[in-house]
Amino acid sequence: MVLLTALALGPAAQDAAAVATAWTVDPAHSQLTFHPRLAGGEFAGRFERFDATIRFDPADLEHSSLLIVIDLLSALTGDTDRDAALQGSDFFQTTRWPQGTFTSAGIRSLGGGRYEATGKLTLRDVTRDVRVQFRFDPVEPSRGAARMIGASNLRRLEFGVGQGDWRSTEWLDDGVRVEFNLALRAAR
Amino acid sequence: MPLRNTAEAYGSLAKFLHWAIVLLIVPQYFIAEAAEELPKGLERLQLMDWHKSLGMMVLLLTLARIGWKVMNRGMPGPIGEPWQRKAAAAGHGLLYLLILAQPISGWAMSSAANYPVTLFGWFQFPALVAENHDLHEALEEVHEVLFFLMVAVAVVHILAALYHHFLLKDGVLRRMLPFSRP
């Protein structure tokens with residue numbers, strides 16, 4: 001049926017179908033947070049600035065993709081000492097590597113409006129494969145509004161986030177959950 | 001020694017709670033001071049985690065102590081003149097209040113700086129207040145002032161107990177001592 005429609009509409013429609021819907025992120029209504037566990041307790045930090053280039057169509061996952069560029073300098077945790085430590089050489093070392101980047105390689109459906117993106121995350125010049133699970137809610141399809149809510153469980157030490165004392169996982173867990181809640185608008 | 005309080009002396013549970021709370025509070029000041037001396041880093045965080053966990057233990061044990069006190073109507077009553085009884089009741093009430101307020105202010109102080117509060121990592125207490133830098137600074141002051149108030153009232157409490165024991169030579173101190181019999 002898709003094929004017939006494509007044939008009927010001609011080459012222009014085929015080209016359009018080759019790239020899934022592009023979405024822009026409304027930063028005022030979107031969050032990207034990280035959740036480390038320290039001494040058995042979890043706390044949340046947030047990245048105030050990030051860019052997301054999202055092409056996503058549930059009916060065309062093959063041409064869907066996520067590219068997220070995080071400004072690590074915008075990491076905030078509610079405590080100035082801890083914020084300063086995050087910027088330092090023990091953690092992100094933003095003087096050398098100010099950005100973190102996630103690029104999806106593929107997206108598959110998990111059913112029920114849930115998806116999993118596999119791709120590469122780069123932090124501190126170290127690139128590793130990660131998986132990101134997310135839900136896509138077409139909030140108001142007629143107005144081109146949608147929400148993408150998801151999370152990924154990262155291992156900070158794979159990227160060298162935690163040098164010196166912080167290589168130990170006795171007090172600061174290796175696992176850090178990253179969560180996002182993005183307000184999307186279909187780009188025209 | 002009976003578990004429950006009697007008309008003559010506190011029971012073993014009330015004594016245990018009283019002295020456990022004392023033993024937990026005393027090192028708190030020194031742990032916090034030692035942590036302040038350390039550079040910002042893991043070691044300081046570890047000490048503060050001990051401080052916070054011990055503080056939460058104080059909070060829980062104090063709530064247990066008050067709960068047990070309420071359940072134990074037959075406890076030894078105050079001795080002395082009516083004004084002394086009133087003073088003792090007021091002093092004890094104030095001491096309980098300060099011992100509760102101190103860990104709660106510390107807990108809120110951690111929450112305001114978005115630091116988790118746990119009981120030795122066994123479980124995490126929910127944040128008492130939302131992240132707020134100014135509130136954190138204010139609570140830091142409150143936590144210090146409450147500490148000195150608590151010490152002041154505790155000193156009066158100790159002096160009153162010694163006054164009973166050595167000058168009045170009554171059984172007031174002995175009825176709370178760990179291994180003494182009335």
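About the criteria used
Residues numbered from 1 in each chain as written. Chains lettered and ligands numbered in written order. Predicted model: local features only at pLDDT ≥ 70, side-chain atom pairs only at ≥ 80, totals over all residues. Helix = DSSP H or I, 4+ residues; strand = E, 2+ residues; numbered from the N terminus. Buried ≥ 20, exposed ≤ 12 C-beta atoms within 10 Å, placed from the backbone. Contact = placed C-beta atoms within 7 Å. Pairing = 2+ DSSP bridges. Core = buried A, V, L, I, M, F, W, Y, C linked by C-beta atoms within 7 Å. Expected span 1.5 Å × (residues − 1). Axes fitted to C-alpha atoms, helices over the stretch in contact; angles between N-to-C directions. Parallel < 35°, antiparallel > 145°, perpendicular 65-115°, else oblique. Left-handed = near helix turned anticlockwise from the far one by under 90°. Nonpolar A, V, L, I, M, F, W, Y, C, P; charged D, E, K, R; others polar. pLDDT = per-residue confidence, 0-100.

Draft legend 1. Representation of the overall build of chain B in the model. A count of helical and extended segments in chain B gives four helices and two strands. Looking at chain B as a whole, 21% of its 182 residues qualify as buried.

Draft legend 2. Fine view of the overall build of chain A. Regarding its fold elements, chain A presents three helices and 13 strands. Residues classed as buried in chain A amount to 29% of the 188 residues present. Partitioning the contacts of chain A with sequence separation of at least 6, the portion at a separation of at least 24 is 55%.

Draft legend 3. Highlighting the interface of chain A and chain B. With 14 residues of chain A in contact, the opposing surface of chain B contributes 16 residues. Of all the secondary-structure elements, those providing two or more residues to the side of chain A that touches chain B are β4 (41–42) and α3 (80–87) of chain A.

Draft legend 4. Inspection of the pairing of strand β10 (residues 114–123) of chain A at higher detail. Residues and elements named next belong to chain A. Note that strand β9 (residues 99–111) and β10 share nine bridges and pair antiparallel. Looking at β10, one finds that Arg 108 is bridged to Glu 116. Sheet analysis places β10 next to strand β11 (residues 126–140), joined by ten bridges and oriented antiparallel. Bridge pairing in β11 links Gly 119 to Val 130. Hairpin remark: β10 followed by β11, antiparallel, with two residues in the connecting loop; positive phi at Arg 124, about 50°.

Draft legend 5. The nonpolar core, seen in detail. Counting 33 residues, the largest nonpolar core has Ile 54 and Leu 184 of chain A as its most contacted members. The set of elements that each furnish at least two residues to this core consists of β1 (22–25), β6 (50–55), β7 (65–71), β9, β10, β11, β12 (145–155) and β13 (175–186) of chain A. In terms of residue count, the dominant contributor to this core is β10 of chain A (four residues). Residues contacting Leu 184 of chain A, with those up to four places away along its chain left out, are Trp 23, Val 25, Ile 54, Ala 145, Ala 146, Arg 147 and Met 148 of chain A. Phe 43 of chain A together with Met 56, Ala 113 and Tyr 115 of chain B belong to the second-largest nonpolar core, a separate cluster that totals 14 residues.

Draft legend 6. Expanded view of the pairing of β13 of chain A. All names here are of chain A. By the bridge criterion, three bridges tie β1 to β13 in an arrangement that is antiparallel. Within β13, the position partnered with Thr 24 by the bridge is Arg 185. The pairing of strand β2 (residues 31–35) with β13 spans five bridges and is antiparallel. Directly across from Gln 31, in β13, lies its bridge partner Asn 181. Where β12 lies against β13, eleven bridges are found, and the strand directions are antiparallel. Bridge pairing links Ile 149 to Asn 181 in β13.

Draft legend 7. Broad picture of helix α2 (residues 42–71) of chain B. Residues and elements named next belong to chain B. When the terminal C-alpha atoms of α2 are compared, their 43 Å separation across 30 residues agrees well with the 44 Å that a helix rising 1.5 Å per residue should span. By the burial criterion, the buried members of α2 are Met 48, Asp 49, His 51, Lys 52, Gly 55, Met 56, Val 58, Leu 59 and Thr 62. On its buried face, α2 sits against α1 (12–37), α3 (82–112), β1 (117–118) and β2 (124–125).

Draft legend 8. Spotlight on the packing of α3 of chain B against helix α4 (residues 133–168) of chain B. All names here are of chain B. Orientation of α3 relative to α4, taken along the N-to-C sense of each, is 155°, at an axis distance of 9 Å. By the angle between their axes, α3 is roughly antiparallel relative to α4. Here the hand of the crossing between α3 and α4 comes out left-handed.

Draft legend 9. Spatial organisation of the packing of α1 of chain B against α2 of chain B. All names here are of chain B. Close contact between α1 and α2 brings their axes to 9 Å; oriented N to C, the two are set at 155°. With respect to α2, the element α1 is oriented roughly antiparallel. As α1 runs across α2, the sense of the crossing is left-handed. Tallied by class, the residues present in the contact of α1 with α2 amount to 20 nonpolar, five polar and two charged.

Draft legend 10. Region of the structure containing the confidence of the model for chain A. The predicted model of chain A has a mean per-residue pLDDT of 91, with 90% of residues at 70 or higher. Segment residues 1–17 of chain A: pLDDT under 50, and four contacts once partners within four positions in sequence are set aside and those in other chains are kept.

Draft legend 11. Representation of unusual backbone geometry. Residues and elements named next belong to chain A. With a phi angle near 50°, Gln 93 is a residue other than glycine that sits in the positive phi range. Along the chain, the position of Gln 93 falls in the loop between α3 and β9. The exposure class of Gln 93 is partly exposed, given the 19 C-beta atoms found within 10 Å. With a phi close to 50°, Arg 124 is a non-glycine residue in the positive phi region. Judged by the 18 C-beta atoms lying within 10 Å of it, Arg 124 falls in the partly exposed class.

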